[in-house]
Amino acid sequence: ECQFSSDQEKYKAALAQFNQVVASYPRQKAADFARYHVGLCQEALGQDSSAQKTLEAASRSSDKETAALAGMALAGELAKEGKTADAVKVYKNLADHPASTVPRGTALLAEADLLRSSQPAQARALYEKVEKDFSGDPYLSSTLKQQMAGLPK
């Protein structure tokens, strides 16, 4: 069993290994998936600009599932940096091109959560859309009602 003295060490080791996969198998799906993980490791290490570039590249993967995962991570990184409009564009693209790794509802909820404080009316509209689209799911419906109740009028 491998032991690391810190999360930093763990992410640095993982980053090196994922970069090795990208270098060794540049034109295979494994490289795209590894590139996504490189971006996650960079984000965990506080290398935000590198993470954003890596996740942007991974979000253009020919593998739809990996591209969707990278897009979600990229949108989160953009939101963290205060680039709300750019993050919304990514979420909208993910909602318009759903994948099994990031279904339409997931992208819409993430966009609504991002807009809660800055654009509550838009967030409410998105929550209502998801509620309508997934009305058969009682847990989700209940959760959405709670989310909407907490929004400013």
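Since the model is a prediction, treat every value here as computed from it, not as a measurement.

**Q** Honestly, the pattern of salt bridges in this entry has me stumped. Any pointers?
**A** When the charged atoms of two side chains with opposite charge come close together, those side chains can pair. For the structure on display, the rule yields nine salt bridges. In this structure, the salt-bridge partner of Lys29 is Asp63, at a minimum N-O distance of 3.7 Å. On the criterion of sequence distance, the pair formed by Lys29 in helix α2 (residues 29-44) and Asp63 in the loop between α3 (48-59) and α4 (64-80) is long-range, its members being 34 residues apart. Owing to a relative accessible area of 59%, Lys29 belongs among the exposed residues under this scheme. We classify Asp63 as buried; its relative accessible area is 14%. Salt bridges linked by common partners bring Asp48, Glu77 and Lys80 together as one network.

**Q** Is there a simple way to think about the packing of aromatic side chains in this case?
**A** Aromatic ring pairs are reported here in terms of the distance separating the ring centres and the angle at which the planes meet. Inspection of the entire model under this criterion finds one aromatic pair. Taken together, a centroid distance of 6.0 Å and an interplanar angle of 40 degrees make the contact between Phe33 and Tyr36 tilted. Of this pair, Phe33 and Tyr36 both sit in helix α2, separated by three residues, roughly a single helical turn. Above the plane of the ring of Tyr11 lies Lys10, whose end atom (NZ or CZ) is 5.2 Å from the centre.

**Q** What is the right way to look at the nonpolar core in this model?
**A** Nonpolar side chains in soluble globular proteins generally cluster together in the buried interior. If you look at the biggest cluster of nonpolar residues, it comprises 31 residues, and the most contacted ones within it are Tyr36, Ala87, Val90, Tyr91, Leu94, Tyr127 and Leu144. Mapped onto this core, the elements with two or more residues apiece are α3, α4, α5 (84-96), α6 (104-115), α7 (120-133) and α8 (138-149). Apart from residues no more than four positions distant in its own chain, Tyr91 is found in contact with Met72, Ala75, Gly76, Ala107, Ala110, Glu111 and Leu114. The next biggest cluster of nonpolar side chains, apart from the first, holds five residues, and it includes Ala14, Val38, Cys41 and Leu45.

**Q** Explanation requested: the side chain of Glu77 in the structure shown.
**A** When you line up the elements, Glu77 lands in helix α4. Ignoring any residue separated from it by four or fewer positions in sequence, one finds Glu77 in contact with Glu43, Asp48, Ala51 and Gln52.

**Q** Honestly, α8 in this entry has me stumped. Any pointers?
**A** At 3.6 residues per turn, the α-helix brings residues three or four places apart onto the same side. A rise of 1.5 Å per residue sets the reference length of α8, with its 12 residues, at 16 Å; its end C-alpha atoms lie 16 Å apart and thus fit the reference within 8%. Regarding α8, the residues found buried are Leu140, Ser141, Leu144 and Met148. Buried residues of α8 fall within an arc of 100 degrees about the axis and therefore sit on the same side. Among the exposed residues of α8, those pointing more than 90 degrees away from its buried face are Pro138, Tyr139, Gln146 and Ala149. Contacts from the buried residues of α8 go to α6 and α7. Measuring from the side-chain oxygen of the N-cap residue of α8 to the backbone nitrogen of Tyr139 gives 3.1 Å; that N-cap residue is Asp137.

About the cut-offs
- Residues numbered from 1 in each chain as written.
- Predicted model: local features only at pLDDT ≥ 70, side-chain atom pairs only at ≥ 80, totals over all residues.
- Heavy atoms only, no water.
- Salt bridge = Lys/Arg side-chain N within 4 Å of Asp/Glu carboxyl O.
- Helix = DSSP H or I, 4+ residues; strand = E, 2+ residues; numbered from the N terminus.
- Buried < 20%, exposed > 50% of the residue type's maximum accessible area, 1.4 Å probe, protein only.
- Phe/Tyr/Trp six-rings, centres within 6.5 Å; stacked < 30°, edge-to-face > 60°.
- Lys NZ or Arg CZ within 6 Å of the ring centre and 35° of its normal.
- Core = buried A, V, L, I, M, F, W, Y, C linked by side-chain atoms within 4.5 Å.
- Contact = heavy atoms within 4.5 Å.
- Expected span 1.5 Å × (residues − 1).
- Arc of directions from axis to C-beta.
- Polar contact = N/O pair within 3.5 Å; in protein donor to acceptor, adjacent residues only side chain to side chain.

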